[in-house]
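Take a look at the letters that make up each chain.
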Amino acid sequence: MSSPALRLVVIIASVRDGRFGPNVARWIAGQAERHGGFTVEVVDLADITLPHALPAVSPLMNPNPDRPGTLPELTRALDDADAMVIVTPEINHSYPSSLKTAIDWHFAQWSRKAIGFVGYSGHSGGLIAIEHLRAVFSELDAHTVRNYVSFARYFQLFDMTTGELLDPNGPDAAAATMLDQLHWWASALATARRVAVG
């Protein structure tokens, strides 16, 4: 890539015991680093304070409320990001409540940013979770790229001891396509944000 590197945040959505998300996040972070168009930061929601009681005032009216505990670490990462990749399982036909809480504590941080998805689950590969997230991020004025990476029956695709993909060819190609789209949109939106501020 000849253009300057964009700031990409990879978010591990699941915080449940025995989760597989960190392995998937490590893989997509490696793909993004090899892509060459991004500087990559991984944020694990298991390390972030996620209070379900939200501020009394809507983030539309107060985009930067006082955020408790380690939540400001997530806010800083989202503020700095040009793009995000959400790594999400599918739980009960949707995405984890931890991710919804993280989303709802923020508004301006998602706005006019590009977002990609890596889904994993036993049957659908996280596709239902991804579709639900597209609607949420549309409401937050973010742009979700069309392509995604999906791991159906991920426990057959990864070595469950090492967390490494058994056959990376297909997933690597899917990741490259998604990251190209993400880079294009993140570049365009970053330019537009600078023009709007300038």
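Everything that follows concerns the structure shown earlier in this document.
This structure is a prediction, so every number in the text was calculated from the model and none was measured.

Colleague: Kindly report on the nonpolar core, identifying the contributing residues and their values.
Modeller: One recurring pattern in soluble globular proteins is that nonpolar side chains are buried together. Grouped together as the largest cluster of nonpolar side chains are 30 residues, with contacts concentrated most on Trp 110 and Phe 137. Secondary-structure elements contributing two or more residues to this core are strand E1 (6–12), helix H2 (71–80), strand E3 (83–89), helix H3 (97–104), strand E4 (114–121) and helix H4 (127–139). Filtering out sequence-adjacent residues up to four positions away, Trp 110 remains in contact with Ile 11, Leu 78, Met 84, Ala 102, Ile 103, Ile 115, Phe 137, Leu 140, Asp 141 and Ala 142. Counting 29 residues, the second largest nonpolar core, distinct from the first, contains Ala 25, Val 118, Phe 151 and Leu 179.

Colleague: Mind laying out the environment of Asp 141, listing which residues take part and the relevant values?
Modeller: Looking at the element boundaries, Asp 141 is found in the loop between H4 and strand E5 (143–144). Residues Asp 141 and Ala 114, 27 residues apart in the sequence, show an inter-C-alpha distance of 9.8 Å. Apart from residues lying up to four places away in sequence, Asp 141 is in contact with Trp 110, Ser 111 and Arg 112.

The rules behind these values
- Residues numbered from 1 in each chain as written.
- Predicted model: local features only at pLDDT ≥ 70, side-chain atom pairs only at ≥ 80, totals over all residues.
- Heavy atoms only, no water.
- Core = buried A, V, L, I, M, F, W, Y, C linked by side-chain atoms within 4.5 Å.
- Buried < 20%, exposed > 50% of the residue type's maximum accessible area, 1.4 Å probe, protein only.
- Helix = DSSP H or I, 4+ residues; strand = E, 2+ residues; numbered from the N terminus.
- Contact = heavy atoms within 4.5 Å.

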